[in-house]
Amino acid sequence: MALLTQQISRCYCLLQKCSIVNSRKLGRQSIKTWTLPLKQPGLPLLWHCRHFHQPVLKNSRTLLFDNLIRFCSSSTAPDPSRENNSLSLVRKQTEPRSSSDSEALDDGWEKSLPSSALEEISEDEAVQIVAEPLLPLESFTLQDYVDHSETLQKLVLLGVDLSKVDKRPVAAQLLLKLDFEKDITKVLLFLKDVGVEDNQLGAFLTKNPYILKEELEDLETRVSYLRSKQFSKEAIARLVSEAPYLLLFSVERLDNRLGFFQKELGLHVRKTRNLVTRLPRLLTGSLEPIKENLKVYKLELGFTQNEIGQIVYRIPKTLGINKRKLTQIFDYLHNVMEIPHSNIVHFPQVFNSKLLRIKERHSFLKFLGRAQYDPKQPSYIALDKLVALPNDVFCTEVAKTSIEDFQKFLKTL
């Protein structure tokens, strides 16, 4: 009975809305206004009202009320088979939940709720709380991330200097993205197989952290190329250890470097191999200063290609000497001391000496009358003795005097 009363009240509201409509507009618009809300499968009688003639519309309010009353009375006993498909004006009320089910649900809900941040805890529980340090969102140094990164901690134990790694472009970001066991361990094992000592691994990664992003297959290919060029295992270990960037060079680039020195210096393959083994940075350093010095030797100093090859093979570091120092020393040796090219070729280490030392000792020997650099003369003085010996040995063996006399002479210059 209560359900029927609710439906009648809803119908009464509809009739109130209908009374507002003006009688002049009871044409086709009136039919649409009444039929559209009732265009449902459960209202067949009202749907056919749209076909009535104009005289019937005058009694439409009475007809609509009767049909609504009839529909409401029939809907009080709904058909179970059409319960899910009909669009009833009154929604079906859900059955009330039992009190035992409600209490069980409430208890489960309270248990699933997290503890409040404002909840009071005991002192024992407070002592057990460990506050982890916050990870910095942005930093200019890797040291701020060491406490948070197991990879950085192991690299520090290995001997890597993170302060130097910070100065290398993109190196810091690279290390933070790597996993030690997954990405770094395999590279370390490879370097040990190549011949890098355990105590050199930290210094190696400090100089060249970029090797950690290289594919292991590419690294093995480059080492295989060096073996194919008859480099011994010891030579490869020396090349990799003293020139850490070597393994970043492709096979083509390594081949071009070796070919450059062999062609420009006119050396045999064996001598070229020996040259780069003694000074590995020739393969990885810039070629511009080397090319510049080769031009100076040939065009300004007047050495032939064969003589240049002998100078470089004896003292590889002469390829990297400053151009100004190179020309000043040669000018003093050749034009002041009158030493020919052939003698300089046999003692190229003179280019690694200080010009001041050469001037002081030559002036002292000239003062003593012992400045003789011709190998055919009995009092001949070799260039290596002139520049390489310490002062006391130079005075006693070459100048044949005391070091006190030499020091007194220097005060007169």
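Conventions adopted
Residues numbered from 1 in each chain as written. Predicted model: local features only at pLDDT ≥ 70, side-chain atom pairs only at ≥ 80, totals over all residues. Heavy atoms only, no water. Phe/Tyr/Trp six-rings, centres within 6.5 Å; stacked < 30°, edge-to-face > 60°. Buried < 20%, exposed > 50% of the residue type's maximum accessible area, 1.4 Å probe, protein only. Helix = DSSP H or I, 4+ residues; strand = E, 2+ residues; numbered from the N terminus. pLDDT = per-residue confidence, 0-100. Contact = heavy atoms within 4.5 Å. Axes fitted to C-alpha atoms, helices over the stretch in contact; angles between N-to-C directions. Parallel < 35°, antiparallel > 145°, perpendicular 65-115°, else oblique. Nonpolar A, V, L, I, M, F, W, Y, C, P; charged D, E, K, R; others polar.

As for the packing of aromatic side chains
Applying the stated criterion to the full structure yields eight aromatic pairs. With a centroid separation of 5.3 Å and 75° between ring planes, the pair formed by Phe 260 and Phe 261 is classed as edge-to-face. Note on accessibility: Phe 260 and Phe 261 belong to one class, buried. Between the aromatic rings of Phe 303 and Phe 330, the centroid separation amounts to 5.5 Å while the plane-to-plane angle is 65°, which identifies the pairing as edge-to-face. Of this pair, Phe 303 sits in the loop between α17 (288–300) and α18 (305–314) while Phe 330 is found in helix α19 (residues 323–336), placing the two residues 27 residues apart along the sequence.

Quick look at the confidence of the model for the protein chain
Low-pLDDT stretches of the model should not have their predicted coordinates read in fine detail. Residue-level pLDDT values for the protein chain average 78, and 68% of them are 70 or greater. The low-confidence segment residues 17–65, where pLDDT is below 50, has 35 contacts with residues more than four positions distant or belonging to other chains. Long-range and interchain partners of residues 71–98, a stretch whose pLDDT sits below 50, account for 20 contacts in this model, where long-range means more than four residues apart.

Details of the packing of helix α11 (residues 180–194) against helix α14 (residues 233–242)
Interaxial distance between α11 and α14 falls to 9 Å at its minimum, and their mutual angle equals 130°. On the basis of their axis angle, the class for α11 and α14 is oblique. Contact residues: α11 offers Leu 191, Asp 193 and Val 194, while α14 offers Lys 233, Ile 236, Ala 237 and Val 240. Taken together, the residues of the contact of α11 with α14 sort by class into five nonpolar, no polar and two charged.

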